[in-house]
Amino acid sequence: MTMSLRSSVTPVVASGTASAVKLLVAALAFTGAYVGVEASQNASGQARASAVADSQVQTVTLSAEAMPVTTAKTPESGVITVSAVASPRPCEKPYRAQSVIDNADPDGTVSYGWRLERWSPAAKKWRTYLTSHSGFTGGAQSVEWQPRIVNNPGWYRVKLSVSGGDVLNSEKFQVSC
């Protein structure tokens, strides 16, 4: 009984072809899934961009008297500078507060805390609106905080409290919507 070469090679070729077909189907399925995910992300991103573009644009005109926010380029020790940061959404007002903190003991740690305060006309005093705390070791450092005020017009100021008793207040500024 002799087996022909053709009959012994046929099962090997058939199994190799089946494996190649399985790999091709798996690759097509993966590619289809990837393209589908990418298309859905693009569609949701375009929908968000369209929603932002369709929203009403509200122009806010500020004057030096209504908004005395300083815009110094480099912060100084003992002074808080506050500047408005652009926002694409109406009634969302991000700000950047900066200062320099001197550390008398560069080997020691300095703790500090930011506080955004809002003026309460009813109570006739400043009330805490947002807070943030941090610290560092080393010499003098420039510190920055970016609070965000959403849908809450009024008068605000930023306060910086440094361990050791130093407390700085920014000038007050008005947020309108």
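Below you will find a few notes about this structure. (Residues numbered from 1 in each chain as written. Predicted model: local features only at pLDDT ≥ 70, side-chain atom pairs only at ≥ 80, totals over all residues. Heavy atoms only, no water.)

## Notes on the overall build of the protein chain
Broken down by element type, the protein chain carries 1 helix and 9 strands. The helix and strand sequence of the protein chain, counted from the amino end, reads α-β-β-β-β-β-β-β-β-β. Looking at the 177 residues of the protein chain, the share that counts as buried comes to 24%. In the protein chain, of all internal contacts separated by at least 6 residues, the share reaching a separation of at least 24 is 57%. About 12,000 Å² of surface is accessible on the protein chain, with carbon and sulfur atoms providing 56% of the total. (Helix = DSSP H or I, 4+ residues; strand = E, 2+ residues; numbered from the N terminus. Buried < 20%, exposed > 50% of the residue type's maximum accessible area, 1.4 Å probe, protein only. Contact = heavy atoms within 4.5 Å. Areas by Shrake-Rupley, 256 points an atom, 1.4 Å probe, with all protein chains shown as cover.)

## Examining the environment of Ser134
Summarising the element assignment, Ser134 is placed in strand β4 (residues 125-137). A residue is classified by how much of its surface remains accessible, and Ser134, at 40% relative accessible area, is partly exposed. Remark: the alpha-carbon pair of Ser134 and Tyr112, spanning 22 residues in sequence, is separated by 5.6 Å. In this structure, Ser134 is in contact with Val110, Ser111 and Tyr112, ignoring residues within four places of it in sequence.

## Brief notes about the side chain of Asn103
Residue position: Asn103 is located in the loop between β2 (92-101) and β3 (109-120). Residue classification places Asn103 among the buried positions, given a relative accessible area of 13%. A distance of 3.1 Å separates the side chain of Asn103 from the backbone oxygen of Gly108, its partner in a polar contact. A distance of 2.7 Å separates a polar atom in the side chain of Asn103 from the backbone oxygen of Gly138. Dropping the residues within four chain positions of it, Asn103 is found in contact with Gly108, Val110, Phe136, Thr137, Gly138, Gly139 and Ala140. (Polar contact = N/O pair within 3.5 Å; in protein donor to acceptor, adjacent residues only side chain to side chain.)

## Section: the side chain of Glu92
As for its position among the elements, Glu92 is in strand β2. At 2.9 Å, the side chain of Glu92 and the side chain of Arg89 are in polar contact. Dropping the residues within four chain positions of it, Glu92 is found in contact with Ser87, Arg148, Ile149 and Val150.

## Observations regarding the pairing of β2
Within β2, 9 of the 10 residues are buried, which leaves it mostly tucked inside the rest of the structure. Two strands pair when backbone bridges link them, and strand β1 (residues 81-84) and β2 are joined in this way by 4 bridges, in the antiparallel orientation. From the neighbouring strand, Thr81 faces β2, where its bridge partner is Gln98. Where β2 and strand β6 (residues 148-150) come together, 3 bridges link them in antiparallel fashion. Counterpart to Pro94 in the pairing with β6 is Arg148. In this sheet, strand β5 (residues 141-145) lies alongside β2 in antiparallel orientation, the contact comprising 5 bridges. Residue pairing for β5: Gln98 is matched across the bridge by Glu144. (Pairing = 2+ DSSP bridges.)

## Here we look at the pattern of salt bridges
Tallied over the entire structure, the rule returns 6 salt bridges. Among the salt bridges present, the one from Arg89 reaches Glu92, with a minimum N-O distance of 2.9 Å. By relative accessible area, Arg89 is classed as exposed at 55%. As a salt-bridge pair, Arg115 and Glu117 come within 3.2 Å of each other at their nearest N and O atoms. Among the residues examined, Arg115 registers a relative accessible area of 27% and is labelled partly exposed. Relative accessible area serves as the criterion here: at 4%, Glu117 is assigned to the buried category. Counted as one network, the salt bridges with shared partners bring together Arg115, Glu117, Arg157 and Lys159. (Salt bridge = Lys/Arg side-chain N within 4 Å of Asp/Glu carboxyl O.)

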